[in-house]
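One letter stands for each residue in the lines below.
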Amino acid sequence: MKNPDIEIKNIQLLSDNYYILNKVTFGYKTETVNETHNREVYDRGNGAAILLYNSAKKTVILTRQFRLPTYLNGNASGMMIEVCAGLLDQDNPEACVIREAEEETGYRVTKVDKVMQTYMSPGAVTEILHLFVGEYNEQMKISEGGGLEEEQEHIEVLELSFDEAFAMIESGEIVDAKSILLLQHAKIKGLV
């Protein structure tokens, strides 16, 4: 059910070059407030992410790739260490993480467990991110990964001990929120 105290008055398309950027004018009403607001809202679709872990080896698979927005906002190299992730496109979240894991890491996982879904930047971005974990082993490796050539991602696949990866949160080497959430989940649940 929609909030009766919110009235969308106008949506103006500002850009649809790669994703959609709208300027939204809306009314916000409470017992003491009756205001009109303008906000820019970025719609890039919904996504999913997965932490691949190996409980026997006590390792995780992460990726390293260049992320322009971080480079523009103080990340000197622009490189980010992250869990595997992607946009849903037309897939459901589970199918998305299975597809992305194979494309980005080279591991074909068949069983994944949903941890949660979250808004990562609810003040400006519409995206819901579905978070998963999935166990991997060497028999699941079918390629070197690295992402699809046509997507120009240039992904480096990292297999790290869980302890090393978890320590990278404190050292500031891992600053990506979805990755931090999933590594903390693995620690709390004792997955590795």
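Described in the following lines is the structure provided in the data block. (Residues numbered from 1 in each chain as written. Predicted model: local features only at pLDDT ≥ 70, side-chain atom pairs only at ≥ 80, totals over all residues. Heavy atoms only, no water.)

### Focus: the overall build of the protein chain
The secondary structure content of the protein chain amounts to four helices and 10 strands. Moving toward the C terminus, one meets the helices and strands of the protein chain in the order β-β-β-β-β-α-β-β-α-β-β-β-α-α. By its C-alpha atoms, the protein chain is 60 × 35 × 35 Å across when sized along the principal axes. For the protein chain, contacts bridging at least 24 residues in sequence account for 56% of all contacts bridging at least 6. In the structure as shown, the protein chain presents an accessible area of about 11,500 Å², 49% of it carried by carbon and sulfur atoms. Distance between charge centroids for the protein chain: 5 Å, based on 18 positive and 31 negative side chains. (Helix = DSSP H or I, 4+ residues; strand = E, 2+ residues; numbered from the N terminus. Contact = heavy atoms within 4.5 Å. Areas by Shrake-Rupley, 256 points an atom, 1.4 Å probe, with all protein chains shown as cover. Lys, Arg positive; Asp, Glu negative; His and termini not counted. Charge placed at Lys NZ, Arg CZ, Asp CG, Glu CD.)

### Here's the deal with the packing of aromatic side chains
In total, this model carries five aromatic pairs according to the counting rule given. Each ring, one from Tyr19 and one from Tyr42, has its centre 5.9 Å from the other, and the planes form 85 degrees; the classification is edge-to-face. Linking Tyr19 in the loop between β1 (6-15) and β2 (20-29) with Tyr42 in strand β3 (residues 34-43), this pair joins segments that are 23 residues apart in sequence. Of the aromatic side chains, those joined through ring pairs into one cluster are Tyr18, Tyr19 and Tyr42. Note that Arg44 overlies the ring of Tyr19, its terminal NZ or CZ placed 5.3 Å from the centroid. (Phe/Tyr/Trp six-rings, centres within 6.5 Å; stacked < 30°, edge-to-face > 60°. Lys NZ or Arg CZ within 6 Å of the ring centre and 35° of its normal.)

### Concerning the layout of surface pockets
Taken as a whole, the largest pocket spans an internal volume of roughly 1,500 Å³. Looking at the largest pocket, it is lined by 36 residues, and the ones nearest its centre are Tyr19, Arg44, Arg67, Pro69 and Glu82. Secondary structure elements with two or more residues in the lining of the largest pocket: β5 (59-66), α1 (68-72), β6 (79-82), β7 (84-87), α2 (93-105) and α4 (177-189). Among the elements that make up the lining of the largest pocket, the one with the highest residue count is α1 (four residues). Its residues assigned to classes, the lining of the largest pocket comprises 15 nonpolar, nine polar and 12 charged. As for the second largest pocket, its lining consists of Val41, Tyr119, Pro122, Gly123, Ala124, Val125 and Thr126. (1 Å grid on protein atoms, 1.4 Å probe; cavity = no way out; pocket = protein on both sides within 12 Å on 5 of 7 lines; lining within 4 Å. Points joined across faces, edges and corners; volume = space filled by probe spheres on them. Nonpolar A, V, L, I, M, F, W, Y, C, P; charged D, E, K, R; others polar.)

### Points about the sheet that holds β2
As summarised here, the arrangement of the three strands in space is β1-β2-β3, forming an open sheet in which the pairing is antiparallel. If you trace the sheet from one side to the other, it starts and ends with β1 and β3, each paired once. Taking the axes of each pair of neighbouring strands and ignoring which way they run, one obtains an average angle of 20 degrees across the sheet. Two strands pair when backbone bridges link them, and β2 and β3 are joined in this way by 10 bridges, in the antiparallel orientation. Bridge assignment links Ile20 to a residue of β3, and that residue is Asp43. (Pairing = 2+ DSSP bridges. Axes fitted to C-alpha atoms, helices over the stretch in contact; angles between N-to-C directions.)

### Description of the nonpolar core
Residues Leu51, Val60, Leu62, Ile174, Leu182 and Leu183 are the most contacted members of the largest nonpolar core, which totals 24 residues. Not counting the four nearest positions on each side in its chain, Val60 is found in contact with Leu51, Leu52, Tyr53, Tyr136, Leu158, Glu159, Leu160, Phe162 and Ala165. Formed by 15 residues, the second largest nonpolar core is a distinct cluster that contains Ile50, Ala101, Tyr107 and Phe132. (Core = buried A, V, L, I, M, F, W, Y, C linked by side-chain atoms within 4.5 Å. Buried < 20%, exposed > 50% of the residue type's maximum accessible area, 1.4 Å probe, protein only.)

### Overview of a nonpolar patch on the surface
Taken together, the side chains of Phe66, Leu68, Tyr71, Leu72 and Met79 make up a nonpolar region of the molecular surface, amounting to roughly 510 Å² of accessible area. Note that Phe66 resides in strand β5. (Patch = residues over 30% accessible without salt bridge, like charges linked within 9 Å, V, L, I, M, F, W, Y side chains within 5 Å. Salt bridge = Lys/Arg side-chain N within 4 Å of Asp/Glu carboxyl O.)

### Looking at the side chain of Gln65
Relative to the elements of secondary structure, Gln65 occurs in strand β5. If we skip the residues at most four places from it in the chain, Gln65 touches Gly78, Met79, Met80, Glu82, Glu153, His154 and Ile155.

### Remarks on unusual backbone geometry
The backbone of Lys58 shows a phi angle near 60 degrees, a positive value even though the residue is not glycine. Tracing the chain through its elements places Lys58 in the loop between β4 (47-54) and β5. Among the residues examined, Lys58 registers a relative accessible area of 48% and is labelled partly exposed. The backbone of Asp89 shows a phi angle near 55 degrees, a positive value even though the residue is not glycine.

### Description of the pattern of salt bridges
All chains considered together, the criterion is met by 13 salt bridges. Between Arg67 and Glu82 there is a salt bridge, with its nearest N and O atoms 2.7 Å apart. Highlighted residues: Arg67 in the loop between β5 and α1 and Glu82 in strand β6, separated in sequence by 15 residues. Assessed through its relative accessible area of 3%, Glu82 is described here as buried. Here the salt bridges share partners, and the residues they tie into one network are Asp89, Asp91, Arg99, Glu100 and Glu103.

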